[in-house]
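Observations on the three-dimensional arrangement
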Amino acid sequence: MTHGLSDDAVLIRRCQQGDRAAFDDLVRRHEKRAYQYAYRLTSNGEEAADIVADAFIRIYNALQNFRSQSAFTTWMYRILTNCYLDLRKKEKSRPTVSLDASLQSPGNDLERQVEDESAGPDEEAEKHAREKAVQDAILKLPEYQRAMLVMYHVEMLSYEQIAESLDLPLGTVKSRLNRARLSLRELLAQDEELFQLD
Amino acid sequence: MNANKAREFFSEYYEGKLDRALKQAFERRLESDSDLKADYRQFEIVMLRLGQLKDMPVNVPEDLHEKISSRIDRQLYAAKRSAPGGFLAWWKSAALAGLACAAIVAAVIAIRGGSGDTSQANFVPVAPPARIVDDKGTIRLQFDNPKGAPEKTLVVRDGAGETIIQMTIPGGKPVESPLTNSRPEPVLMTIEIGEQRLLVAIPSRSIVPASSGEGSIEALALAISGRFRVAVQVEVPNSSEKASWEFYGTDAMATKASTNGRSVLLTKISENLYKLHY
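One structure accompanies this document, and this report is about it. (Residues numbered from 1 in each chain as written. Chains lettered and ligands numbered in written order. Predicted model: local features only at pLDDT ≥ 70, side-chain atom pairs only at ≥ 80, totals over all residues. Heavy atoms only, no water.)

Moving on, we come to the overall build of chain A. Of the regular secondary structure elements, chain A holds 9 helices and 1 strand. Counting all 198 residues of chain A, 46% fall into the buried class. Sequence separation of at least 24 residues holds for 63% of the intrachain contacts in chain A that already meet a minimum separation of 6. Split by element, the accessible area of chain A, about 10,300 Å² in all, is 47% carbon and sulfur. (Helix = DSSP H or I, 4+ residues; strand = E, 2+ residues; numbered from the N terminus. Buried < 20%, exposed > 50% of the residue type's maximum accessible area, 1.4 Å probe, protein only. Contact = heavy atoms within 4.5 Å. Areas by Shrake-Rupley, 256 points an atom, 1.4 Å probe, with all protein chains shown as cover.)

Shown next as structure tokens:
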């Protein structure tokens, strides 16, 4: 689905005049895209929904100052990325442990057997496994690199749009994206299957 | 051009953006360095795999719009409450409209009257989700039902399924309730507000000194609550899933547990409130 700039501009103008229904329309137009971006950054549905909700609250509060000098979506990505970074910062200060760490039980063994079975020679399963390996590797990258990779390769933003969204010089975006791709290659280098072409 | 410098140009070379002189220097280096050539080959495949990521579907939850709207409503409501003449005036006119308690488990529900007006033109407010919070050591249930929102039914049950409280909360009536337990052992409270269901283990006044156990995830929450005297909110879809666990020392975060399904995570929300989730 594509959204015309002028449509956003009309809705934003109405929002700025206090029309809450127009804001609701604006949310509806962009929430799906926002959620997909947030989900790819977190790989967690609950967190993604929280990020999107937080972002739209910030957008709501700041909309009076939005001057349409940039596209609404570019601005939205900036706010989403900030919300994501804030969430990560908050999480780092909130300890979480996996309880499923050390106890061994027959149940765990069974789980492993089931997992092994599912990873069969089936082509679709292999494709899925490769995609998951890439997705998992992306999640190991520093937050900023992760956001840039998702913006460029999944959300299809141009270097210029990313620069605007993250408020960075164009050259910095290009060099950081290259570094992110190199880091990703290193993370994936152990997985020979990943580097076999279809 | 050395190998590290050449790596800095991987993206631009891949995208055909290098100028002629740099491109030639890059290619010369690539031809003379088999390791670099292998790295670049892998880089090309990484770029290909990255390009395929956009085809991976992401399922958007059906209630996403409601979730966003309710969060915005909650925020607007909080802003109104904290505005001069808003919350204070509202608090002064507060009325205790509901009080219920059981001999064993007690939860006091205070419904406060007043203007919780978040409505604006063309806007029907949606109630934000209820929350369990740690208010300086007191575990509380908070629920703001904004003015104009449909009324909600609140039901609080103890671990045995006995109803402790059942009441209707009209729009514009926020609820805040301390969740307390006077039993000798922790109690798992089920709180239902409309379609929302919260599950929280509330500790007793004394520690239950168990070092290990097995049962459901609900039982694990109760065990953590008993051993460490903390409230434990359960946020897993299937809380009856089997688990076994062991405790070490006095730190709840040192708990080890195994389940047959996904790994269960324990997050410390505050000194007195933890969350079990995936």
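So, about empty space enclosed by the protein. The final tally for this structure, using the stated rule, is 1 cavity of 30 Å³ or more. Lining the largest cavity, in full, are K127, R130, E131 and V134 of chain A together with R49 and Q52 of chain B. At the level of elements, α6 (123-140) of chain A together with α4 (34-53) of chain B are the ones that each hand at least two residues to the lining of the largest cavity. Ranked by residue count, the leading element in the lining of the largest cavity is α6 of chain A, at 4 residues. (1 Å grid on protein atoms, 1.4 Å probe; cavity = no way out; pocket = protein on both sides within 12 Å on 5 of 7 lines; lining within 4 Å. Points joined across faces, edges and corners; volume = space filled by probe spheres on them.)

Take the packing of aromatic side chains next. Under the defined criterion, the tally for this structure stands at 17 aromatic pairs over all chains. Centroid distance Y14 of chain B to F43 of chain B: 6.3 Å. Interplanar angle 80 degrees. Geometry classified as edge-to-face. One end of the pair, Y14 of chain B, is in helix α2 (residues 10-14); the other, F43 of chain B, is in helix α4, and 29 residues separate them in sequence. Through pairs of rings, three or more aromatic residues link up here, namely F10, Y13, Y14, F26, Y40 and F43 of chain B. Above the plane of the ring of Y144 of chain A lies R176 of chain A, whose end atom (NZ or CZ) is 5.8 Å from the centre. (Phe/Tyr/Trp six-rings, centres within 6.5 Å; stacked < 30°, edge-to-face > 60°. Lys NZ or Arg CZ within 6 Å of the ring centre and 35° of its normal.)

Residue and element names in this part refer to chain A. Counting 77 residues, the largest nonpolar core has F23, F56, L63 and L184 as its most contacted members. Shared between two domains, this core holds at least three residues of each, these being domain 1 (5-93) and domain 2 (122-189). If we skip the residues at most four places from it in the chain, L63 touches I12, C15, Q16, F23, L26, F72 and W75. (Core = buried A, V, L, I, M, F, W, Y, C linked by side-chain atoms within 4.5 Å. Domains from an automatic or database assignment.)

Residues and elements named next belong to chain A. For the pair helix α8 (residues 159-166) and helix α9 (residues 170-188), interaxial distance at closest approach is 9 Å and the crossing angle is 105 degrees. One way to sum up the angle between α8 and α9 is to call them roughly perpendicular. Across from Y159, E160, I162 and A163 in α8, the residues of α9 making contact are L170, V173, K174, L177 and R181. For the contact of α8 with α9, the residue count by class is 6 nonpolar, no polar and 3 charged. (Axes fitted to C-alpha atoms, helices over the stretch in contact; angles between N-to-C directions. Parallel < 35°, antiparallel > 145°, perpendicular 65-115°, else oblique. Nonpolar A, V, L, I, M, F, W, Y, C, P; charged D, E, K, R; others polar.)

Without other data, these values stay purely geometric and don't point to any function.
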